[in-house]
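Structure at a glance
Spelled out, the chains give:
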Amino acid sequence: MLSGGCFIAMAEVKKVQRSTGQSDKRIGHTEGIYRGQPVTIVQDASPSAIQLASHIAGFEATKQKLREPLLNRHIVSKKVFREKEKILATYTERLGQMKQSRRYKETYADLARQRYKPEYREEENQDALRDILLYKVAENFGEVTEQDNVLEYALATHALERETLEVEITQVKKMIDFFSNPPPHTRNIGFANSERMKWNEKLIALEDSLKTSDSFKTQLLRARELLQKTHKREIRDGYNLIPKAAAILNQRYGDGGATESAVSFAATYRDEVLGMANPLDVFETFIRRQEKKRESFRPYIDSMIALFGVDMASSNPSRSREELQNVRDGLFRIEICGQIYDSIGTLGHNIRRMFSGNMSTITPRQK
């Protein structure tokens, strides 16, 4: 026989069912006699949207970021990134080429890709790889000092990458050791064996990359050795003169205002002035170039004299005192040739203008 309190409680349950439209399964209840406790709707625990999505085949949760397994990730730490940027700054500042940073990076990436070509892994193709590295550098940088600087930057960056690769190999070996001897009661043996095989495969790939990396370094060294052997004096002069040329251009035009780069300025001085055997030959070279570039002689000779003065007064002149005195005498003769050339040019212009004026006053019958 139901007590009065229990009858009231059951009535309240039916009332809640009618008002909410919920089934009996959604109504909280306990076995035994209700003792006046309020009857409430108990919400069943339901999985989140992400949990549901993960259990439905072929469905990707909205805004859920898919992450690669740790085994497949290539991680570059902030420390390695900063070290690479420091190396880049060091080698671009040597020649005043801070604006060429992106070009340096792209050139190194292009060089590094060559090592993965299967035809260059054979021993007989090593000279071909060296020559291709030199060609790629020369394609992006036309001056030999620049080329040597890029190769040195590539070697420094490669050394950092190789060090990072060795650290990664060490970490992979630790993972192999862990799965070879998993802690008791924490790992399934089958799972541990499967993971160990995966890490072993990665170790083989990394060791192959290390071998390829060493071959790449060898070819970089051979390329730089061949370049320095062929252009030893020019490269040494370039490292000496380019900073001096950059100082003159910055003083004259300010940062970013120069109409020519310090590299081309120093290369012209090195190849035409320091290497001159006869001043007339230097002047004739300028005339031939002037016909194509419409270059004025006065700014040219003034720039050469300015760089010569800085070079001679520096603590590390590019030539001995006696050689630089001969260069000074040659610059004086070139300047005299330029003055005569300008005078003749002015005289010729005046004569043409005078005759063109007289010809305009002659009648057709006089002609």
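Residues numbered from 1 in each chain as written. Predicted model: local features only at pLDDT ≥ 70, side-chain atom pairs only at ≥ 80, totals over all residues. Heavy atoms only, no water.

Focus on the overall build of the chain
Within the chain, the secondary structure is distributed over 12 helices and 0 strands. Going residue by residue from the N terminus, the α and β elements of the chain occur as α-α-α-α-α-α-α-α-α-α-α-α. Buried positions account for 32% of the 367 residues belonging to the chain. A separation threshold of at least 6 residues defines the contact pool for the chain, and within that pool the share at least 24 residues apart is 69%. About 24600 Å² of surface is accessible on the chain, with carbon and sulfur atoms providing 54% of the total. (Helix = DSSP H or I, 4+ residues; strand = E, 2+ residues; numbered from the N terminus. Buried < 20%, exposed > 50% of the residue type's maximum accessible area, 1.4 Å probe, protein only. Contact = heavy atoms within 4.5 Å. Areas by Shrake-Rupley, 256 points an atom, 1.4 Å probe, with all protein chains shown as cover.)

Some thoughts on the pattern of salt bridges
A side chain with one charge can pair with a side chain of the opposite charge if their charged atoms come near. Applying the stated criterion across every chain yields a total of 21 salt bridges. Measuring nitrogen to oxygen at the nearest pair gives 2.8 Å for the salt bridge that ties Asp271 to Arg270. One network of salt bridges, with partners in common, ties together Arg94, Glu152 and Arg224. (Salt bridge = Lys/Arg side-chain N within 4 Å of Asp/Glu carboxyl O.)

A few points about the packing of helix H6 (residues 144–180) against helix H8 (residues 232–253)
Closest axis-to-axis distance for the H6/H8 pair is 8 Å, and the angle between their directions is 90 degrees. The orientation of H6 relative to H8 falls into the category roughly perpendicular. Across from Val144, Thr145, Asp148, Asn149 and Glu152 in H6, the residues of H8 making contact are Glu234, Ile235, Gly238, Tyr239 and Ile242. (Axes fitted to C-alpha atoms, helices over the stretch in contact; angles between N-to-C directions. Parallel < 35°, antiparallel > 145°, perpendicular 65-115°, else oblique.)

Here's the deal with the confidence of the model for the chain
On average, residues of the chain carry a pLDDT of 77, and 69% of them reach 70 or more. Here residues 1–9 scores under 50 on pLDDT; set against residues more than four positions off or in separate chains, the count is 1 contact. Scored below 50 in pLDDT, residues 20–31 makes 20 contacts in the model with residues more than four places away or belonging to other chains. (pLDDT = per-residue confidence, 0-100.)

Digging into the side chain of Ser314
Summarising the element assignment, Ser314 is placed in the loop between helix H11 (297–313) and helix H12 (321–361). A polar contact is formed between the side chain of Ser314 and the backbone oxygen of Asp311, at a distance of 2.7 Å. Beyond its immediate chain neighbours, meaning those up to four positions away, Ser314 contacts Lys244 and Arg321. (Polar contact = N/O pair within 3.5 Å; in protein donor to acceptor, adjacent residues only side chain to side chain.)

Remarks on the environment of Tyr153
Within the secondary structure, Tyr153 is located in helix H6. For Tyr153, a relative accessible area of 5% gives the class buried. Among residues more than four places away in sequence, those in contact with Tyr153 are Ile87, Leu88, Tyr91, Tyr104, Lys105 and Tyr108.

A closer look at the packing of aromatic side chains
Tallied over the full model, the rule gives 10 aromatic pairs. When the ring of Tyr104 is compared with that of Tyr153, the centres are 5.7 Å apart and the planes differ by 70 degrees; the resulting orientation is edge-to-face. Linking Tyr104 in helix H4 (residues 101–114) with Tyr153 in helix H6, this pair joins segments that are 49 residues apart in sequence. Here Tyr104 matches Tyr153 in class, with each residue buried. Linked through ring pairs, Tyr91, Tyr104, Tyr108, Phe141, Tyr153 and Phe216 together constitute an aromatic cluster. In this arrangement the basic side chain of Arg103 is found over the ring face of Phe141, its NZ or CZ atom lying 4.7 Å from the centre. (Phe/Tyr/Trp six-rings, centres within 6.5 Å; stacked < 30°, edge-to-face > 60°. Lys NZ or Arg CZ within 6 Å of the ring centre and 35° of its normal.)

Here we look at the packing of helix H9 (residues 262–274) against H11
Contact pair H9 / H11: the axes reach a minimum separation of 10 Å and the direction vectors enclose 90 degrees. By the angle between their axes, H9 is roughly perpendicular relative to H11. Within the contact between the two elements, H9 uses Phe265, Ala266, Thr268, Tyr269, Glu272, Val273 and Leu274 and H11 uses Tyr300, Ser303, Met304, Leu307, Phe308 and Asp311. Here the contact of H9 with H11 is composed, by residue class, of 9 nonpolar, 2 polar and 2 charged. (Nonpolar A, V, L, I, M, F, W, Y, C, P; charged D, E, K, R; others polar.)

Some words on the nonpolar core
Counting 56 residues, the largest nonpolar core has Leu220 and Tyr269 as its most contacted members. In this structure, Leu220 is in contact with Leu111, Leu133, Leu151, Ala154 and Leu155, ignoring residues within four places of it in sequence. If you look at the next biggest cluster of nonpolar residues, it comprises 10 residues, including Val172, Ala192, Trp199 and Leu206. (Core = buried A, V, L, I, M, F, W, Y, C linked by side-chain atoms within 4.5 Å.)

Quick notes on H4
Between the first and last C-alpha of H4 there are 21 Å, a value that for 14 residues agrees with the 20 Å anticipated at 1.5 Å per step. Among the residues of H4, Tyr104, Thr107, Tyr108, Asp110, Leu111, Ala112 and Gln114 are the ones counted as buried. Packed against the buried residues of H4 are helix H3 (78–94), helix H5 (126–140), H6 and helix H7 (189–230). (Expected span 1.5 Å × (residues − 1).)

Regarding a nonpolar patch on the surface
Together, Phe332, Ile336 and Ile340 make up a nonpolar patch on the protein surface, roughly 280 Å² of accessible area in all. Following the sequence through the fold, Phe332 ends up in helix H12. Phe332 gets classed as exposed once you look at its relative accessible area, which sits at 53%. (Patch = residues over 30% accessible without salt bridge, like charges linked within 9 Å, V, L, I, M, F, W, Y side chains within 5 Å.)

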